[in-house]
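Descriptive structure summary
These are the residues of each chain, in order.
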Amino acid sequence: MPKSITAPSYYQATATPFPAHPPLMGDVSADVCIVGAGYTGLSAALELAEAGHRVVVLEAETVGHGASGRNGGQICTGFSSGQEKIEAQLGREDARRCFALAEESKRLLVERVDRHQIDCNLRWGYLHALPKPNRLDGLREWKEEWDELGYTDTQILSKAELEEKLGTSAYHGALREGGAGHFHPLNYCLGLARAAAAAGASIHEHSPAIEVNTSSQPFVRTAKGKVKAKFVIIACNAYLGRLVPKLYGKVMPVTSYIIATEPLGENRARALIRDGEAVADTNFIVDYFRITSDTRMLFGGRASYTTLEPADLGAYMRPRMTKIFPQLSDARIDYAWGGFIAITYNRIPDCGRLSATTYYAHGYSGQGVALAGIYGKLMAEAVRGTAERFDLLSRVRHMPFPGGPIRVPMLAAAMLFYRLKDALN
Ligand SMILES: Cc1cc2nc3c(=O)[nH]c(=O)nc-3n(C[C@H](O)[C@H](O)[C@H](O)COP(=O)(O)OP(=O)(O)OC[C@H]3O[C@@H](n4cnc5c(N)ncnc54)[C@H](O)[C@@H]3O)c2cc1C
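The present account deals with the structure reproduced in this document. None of the values given here were measured: they were computed from a predicted structure.

Another point: the site of the ligand. Taken together, 35 residues form the shell around the ligand, and within it Thr40, Glu59, Ser68, Gln74 and Ala209 come nearest. Glu59 is positioned such that a nitrogen or oxygen atom in its side chain is 2.6 Å from an oxygen atom of the ligand. Between a nitrogen atom of the ligand and a main-chain N or O atom of Gly366, the distance comes to 3.1 Å. Residue assignment for the shell around the ligand shows that the elements contributing at least two residues are helix 2 (39-50), strand 11 (252-261) and strand 15 (333-343).

Laid out in C-alpha cells, this is it:
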C-alpha cells in the first residue's frame, strides 16, 4: 500500500471532532449491513436509518478513511464518462434520466448539509480550464450539451476573461459553472456519519469485513463478530480488494495525489483564484485545485496505476503546481497525501445486485463526491422495494479489467497513452 494513503492529510488536521465508534464484537442482527463508511455507504445508511430500518455499518479503518475523506473536494456535474457513452448504451431518454439523477445528487448533498448542519465550507463556482489554445469549440459543445439537458448555469470565458479570475496565463479559456463547487470532503463525510448515527445506525470502525455471504440469509463476518441481515450493501469502492471476487475486475484502483500549501493569506489567495472557485483542467489526466477556507492552495493531480510512489510526494507534486502558478515557488507545502480512485473501463459508475439480497455501487471514476450520495440513496430505495431508479443505473454494462499479472502493466501502458494524448492534443 502506498504510504501516501496513510499520510496525514490537511483534512484530518482540520477535521471536526468525531467520536470513535467501537469495533463490532460478537453476533448482531440487522435489516441491512453496509460495508464501507464513505459517501456511498453512509448515504445508504442515513436514508435507511431515517426510514426506521436497523442498520449496521462496518468500516475497516475509520469513517472517511477512503476516498471520501481524502479527495479534492470538488463537487462536479454529470458523469466522468460524459453523456455520450451513457446515451450509446441506454438511449437518449434514459441517458437524460441519468443526468437528472446526477443533478439530483448535488441537490441531495446541499439538502443534507443544510438539514444536518454539516460544517464543511460548501462553496459554489467551478472553472473547467482549457490547457491548449484553439479549443474553445470543445467547451462550446460541452455547454450546448448541458443547455440541452436543462443545465444552463454555465458560461464560456475567453482567455482574457479567465485571466481576470485566475493568477495564471496557463489556460486558454474556460467553461464556468455556477452549479458546481467545492467543500471540505472529510467534514462532509463525518457529518453524514453523525447524521446516520443520530438516526439510529450502528457504525463500527476498525471492523474489516472478511467474508460476505450473499445467500437468501446473508451475513457479513469480521474477525470478532458477525452481522446477520436481510440485505447487504457493498460500498468499498477502490478499497474493496479481493473481499468479493465477483467485483474484483470491475474497478481498477488508481492513486491520485494532493498537496496543500501553507496558509497564503486572503490577498495572495485572491490573486490566485479571485472568486474562490474550484478549478480543473480539461485533460484526461486532470489537474485540479482550489483555495481552502484557511487560504491554502490545495492542488491535486497525477495518477498512477502502480503502488510505487515518490519518496517525497510534496517535492514530486510541487512542479505541477508551480507550472500553473510560478508565484507559489516559495510557498511551503504543509501536507501531501494520496488516495485510491476506482475507475471503470468506460468511466461510468457500476452498480447492481450480486444476489437478491446483496447490492453494490462503485467506480465513480474520479467524480464521486456528489454521485456516491445518489447511488447510496438509490440502493436504499431498492432495498425498501422501489428499485426503478437503481435499475436504470444498473443497466449500464461494463467490461471487466483483466486479472492476474498483466493487470497493472496493461493499465500503466494505458496511462502512458493518455499522458501522451494530453501532451499532444
Ligand atoms: C485523491 C482523490 C481525489 C478525488 N477528488 C475528487 C473530486 O475532487 N471530486 C469528485 O467528485 N471525486 C473525487 N474523488 C473520488 C471520490 O472521492 C470518490 O468517488 C468517493 O469518495 C467514493 O465514495 P465511496 O463511499 O464509494 O468510497 P470510499 O470513500 O473510498 O469508501 C470506501 C470505504 O470502504 C472501506 N472498506 C474497504 N474494504 C472494507 C472491508 N473489507 N470492510 C469494511 N470496510 C471496508 C474503506 O476503508 C473505505 O472507508 C477523488 C478521489 C481521490 C482518491
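This part is about empty space enclosed by the protein. Using the criterion set out here, one finds one cavity of 30 Å³ or more in the structure. Quantified by volume, the largest cavity comes out at close to 40 Å³. Lining the largest cavity are Tyr39, Ser105, Leu108, Leu109, Arg112, Tyr188, Leu192, Val369, Ala370 and Gly373. Elements with a contribution of two residues or more to the lining of the largest cavity: helix 4 (92-115) and helix 7 (185-198). Looking at the lining of the largest cavity element by element, the count peaks at four residues for helix 4. Taken together, the residues of the lining of the largest cavity break down into seven nonpolar, two polar and one charged.

The side chains of a regular strand alternate, residue by residue, between the two faces of the sheet. Covered by surrounding structure in strand 13 (residues 288-291) are Tyr288 and Arg290 together with Phe289 and Ile291, the residues of both alternating faces. Where strand 12 (residues 278-281) lies against strand 13, two bridges are found, and the strand directions are antiparallel. Its bridge partner lying in strand 13, Ala280 is registered against Tyr288. Following strand 12, the chain reverses through six residues before pairing antiparallel with strand 13.

Right, let's talk about helix 4 for a bit. Each full turn of the α-helix corresponds to 3.6 residues, which orients residues three or four apart in the same direction. For helix 4, which comprises 24 residues, the first-to-last C-alpha distance of 34 Å matches the rise-based estimate of 34 Å (1.5 Å per residue) to within 8%. Once helix 4 finishes, Gln117 follows within two positions and takes phi at roughly 50°, a positive value.

With that settled, the discussion passes to the packing of aromatic side chains. Evaluation of the coordinates by the stated rule reveals 16 aromatic pairs. Taking the centre distance of 5.4 Å and the plane angle of 70° together, the rings of Tyr364 and Tyr375 count as edge-to-face. Within this pair, whereas Tyr364 is found in the loop between strand 17 (358-362) and helix 11 (371-383), its partner Tyr375 is found in helix 11, the two being separated by eleven residues in sequence. Residue class for Tyr375 comes out buried when judged on its relative accessible area of 2%. Site record: aromatic cluster; members linked through ring pairs are Tyr10, Tyr11, Tyr335 and Trp337. Above the face of the Phe219 ring, Lys226 is positioned so that its terminal group lies 4.4 Å from the ring centre. Sitting over the ring of Tyr248, Arg242 keeps its end group 4.1 Å from the ring centre.

The rules behind the values
Residues numbered from 1 in each chain as written. Predicted model: local features only at pLDDT ≥ 70, side-chain atom pairs only at ≥ 80, totals over all residues. Heavy atoms only, no water. Near = heavy atom within 4 Å. Polar contact = N/O pair within 3.5 Å; in protein donor to acceptor, adjacent residues only side chain to side chain. Helix = DSSP H or I, 4+ residues; strand = E, 2+ residues; numbered from the N terminus. 1 Å grid on protein atoms, 1.4 Å probe; cavity = no way out; pocket = protein on both sides within 12 Å on 5 of 7 lines; lining within 4 Å. Points joined across faces, edges and corners; volume = space filled by probe spheres on them. Nonpolar A, V, L, I, M, F, W, Y, C, P; charged D, E, K, R; others polar. Buried < 20%, exposed > 50% of the residue type's maximum accessible area, 1.4 Å probe, protein only. Pairing = 2+ DSSP bridges. Expected span 1.5 Å × (residues − 1). Phe/Tyr/Trp six-rings, centres within 6.5 Å; stacked < 30°, edge-to-face > 60°. Lys NZ or Arg CZ within 6 Å of the ring centre and 35° of its normal.

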